[in-house]
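Below, each chain spelled out in residue letters.
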Amino acid sequence: MSEIDLLEKQKEYTELLRDILPLRYSAEHPKAFVHTYGCQQNVADSEKIKGMLEQAGCELTEEKEEADIILFNTCAVREHAEDRVFGNVGALKALKRKKPSLLIALCGCMMEQEHIAEKIYKSFPYVSLVFGTHVIHRFPELLYNAVTGSKRLIERGSDDGRVYEGLPVHRDGSFKGWLPIMYGCDNFCTYCIVPHVRGRERSRQPEMVIDEARNMIASGYKEITLLGQNVNSYGKGLETKTSFPELLRRVAEIEGDFWISFMTSHPKDASKELIDVIADNPKISPHLHLPFQSGSDRILRLMNRHYDIEKYMEIVDYAKKRIKDLALTSDVIVGFPGETEEDFQQTLELIRRVEFTSLFTFIYSPRQGTPAAKMPDPYTHEDKARRMGELLRLQESISARRTASMVGRQYRVLIEEQAREGILNARTHGGIVVEVPGSPELIGSFMTAEVTEAGNFILRGRLV
Ligand code: SAH
Ligand code: SF4
Ligand code: F3S
């Protein structure tokens, strides 16, 4: 079936749902609660699911207690993420007992792992619908079958390599929005489950991306983040070959006052052309999220990352030279199987050399079915936790120095939210948060802030 026919069929299911959901839940607009775990890719998927729920006549709610339909969109990237889902699904039992008509559904990356889907099916008999990342576009049909059928439904489908355009989207934010430019991942880093649960890498047509960006800007979005597991390999397999720097430049050419960010950049594919495009386009955030994972070439090889520290530093040095007020962030894994004290010291050395703005730090978590899970790992969790502590202390001192150097300077900021009564969170173009006094009407607008004080983690300032 073509993509268009498939989506037409889903529209028919949506119409059917509009008729039967009010009867089943005795409410004109049954309430749906959607909770998202994991990365922005999942957030973007949830925004589509919410769009489909709304089209089916549901009203979205933030309170699970009042929901008729509860859906968790899950993440499988680390054990901790999975444990939270198991715990929270367990806690739904009481709600289901109180309200037997409640429909509980689980989707997302965890559900693409057979052993997990089976465990859920066995352990939580009150979950009636389980579906994976490859069948999200068929959500209306799945929901219809779950509501009308008597049997529980597990639908995992397989990666068909297609991109489904034209799904409705309910965006969570009104001035900051996510825009997926590609799906899946082909890199198979040896520790990572993502390629196993998200399928092969495929890019959206550049025109689709640009149209969506244009629509978002026209409806008032001030910051658009382009999403992909490795945006730097965007465009592979497209008929009209478009590189990521080219796409970025074309989005930046759209008229209007807005910022563009993107994530994530894999260092193996980060080019000088990308850095040049960022440096030359004031609308593109001077922010590079460039995960290095480890400072040891030996570990990088075991991770199948396809770059070494020399190549990483080459791109970092070029970016620092070219991009004014560059914010550089990264992901790092501590305790990859067999990581020695010496390997770890090389990670610290890299952190000292680069002086990242901030770091996302993870203790290695074995993922069933990945090559690293079978590698010998003589170090204990205590060893790894101690290393993590040392790394965090180092980064803290670097961050403190960085934020201190911002005091006295003025920055253009986007006012994002209220931190507390009378205080707003303003974010710089490089993604750094400054607390400023101000009233909530300013949320969603660009302002200028002067940084007056640097605390341990927070910058304070005032609007100019
Ligand atoms: N595609 C992105 C990362 C997606 S996952 C990239 O390649 O940069 C986000 C981060 O989670 C990774 O960068 C990595 O640091 C971390 N991560 C992934 N798998 C992990 C695992 N098994 N254990 C610990 N951290 C992991
Ligand atoms: Fe995982 Fe590597 Fe793909 Fe990132 S690039 S999603 S870390 S396999
Ligand atoms: Fe998690 Fe899936 Fe993202 S595993 S990190 S939600 S792609």
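Look a little higher up for the structure.
Residues numbered from 1 in each chain as written. Chains lettered and ligands numbered in written order. Predicted model: local features only at pLDDT ≥ 70, side-chain atom pairs only at ≥ 80, totals over all residues. Heavy atoms only, no water.

## A look at the site of ligand 3
Taken together, the neighbourhood of ligand 3 is formed by G38, C39, N42, C75, A76, V77, C109, R198 and Q229. Class assignment of the residues belonging to the shell around ligand 3 gives a composition of 5 nonpolar, 3 polar and 1 charged. (Near = heavy atom within 4 Å. Nonpolar A, V, L, I, M, F, W, Y, C, P; charged D, E, K, R; others polar.)

## Here we look at the pattern of salt bridges
Tallying each qualifying case throughout the model produces 38 salt bridges. For D45, the salt bridge is made with R198, and the minimal N-O distance between the two is 2.9 Å. Highlighted residues: D45 in helix α2 (residues 40-55) and R198 in helix α7 (residues 194-198), separated in sequence by 153 residues. For the pair D45 and R198, one class covers both residues: buried. (Salt bridge = Lys/Arg side-chain N within 4 Å of Asp/Glu carboxyl O. Helix = DSSP H or I, 4+ residues; strand = E, 2+ residues; numbered from the N terminus. Buried < 20%, exposed > 50% of the residue type's maximum accessible area, 1.4 Å probe, protein only.)

## Some thoughts on empty space enclosed by the protein
Which parts of space are left empty comes out when a probe the size of a water molecule is rolled across the atoms. Scanning all chains against the criterion turns up 1 cavity of 30 Å³ or more. What the largest cavity holds in volume is close to 260 Å³. If you go around the largest cavity, you meet 17 residues; those closest to its centre are T133, H137, Y164, Y183 and R202. Counted by class, the lining of the largest cavity contains 6 nonpolar, 4 polar and 7 charged residues. Split by domain, the residues of the lining of the largest cavity number at least three in each of domain 1 (3-155) and domain 2 (176-404). (1 Å grid on protein atoms, 1.4 Å probe; cavity = no way out; pocket = protein on both sides within 12 Å on 5 of 7 lines; lining within 4 Å. Points joined across faces, edges and corners; volume = space filled by probe spheres on them. Domains from an automatic or database assignment.)

## Here we look at the sheet that holds strand β15 (residues 410-420)
Strand pairing within a sheet occurs via backbone hydrogen bonds; the two strands may be parallel or antiparallel. With mixed pairing, 5 strands are arranged side by side around a closed barrel as β15-β16-β17-β19-β18. Put simply, the sheet's adjacent strands are angled 50° from each other on average, direction ignored. The pairing of strand β16 (residues 423-428) with strand β17 (residues 433-437) spans 5 bridges and is classified as antiparallel. Residue pairing across strands places A426 opposite V434, the latter belonging to β17. (Pairing = 2+ DSSP bridges. Axes fitted to C-alpha atoms, helices over the stretch in contact; angles between N-to-C directions.)

## Some remarks on the layout of surface pockets
Considering only enclosed or pocket space, the second largest pocket measures out at about 280 Å³ in volume. Taken together, 16 residues make up the lining of the second largest pocket; nearest its centre are L7, K11, E165, G166 and L167. Those elements that provide at least two residues to the lining of the second largest pocket are α1 (3-25) and α2. Class assignment of the residues belonging to the lining of the second largest pocket gives a composition of 7 nonpolar, 5 polar and 4 charged.

## Considerations on the site of ligand 2
By nearness alone, every residue bordering ligand 2 is listed as C185, N187, F188, C189, Y191, C192, V194, P195, Q229, H266 and R305. Along the lines of polarity and charge, the residues of the shell around ligand 2 split into 7 nonpolar, 3 polar and 1 charged.

On their own, these measurements won't tell you what the molecule is for.
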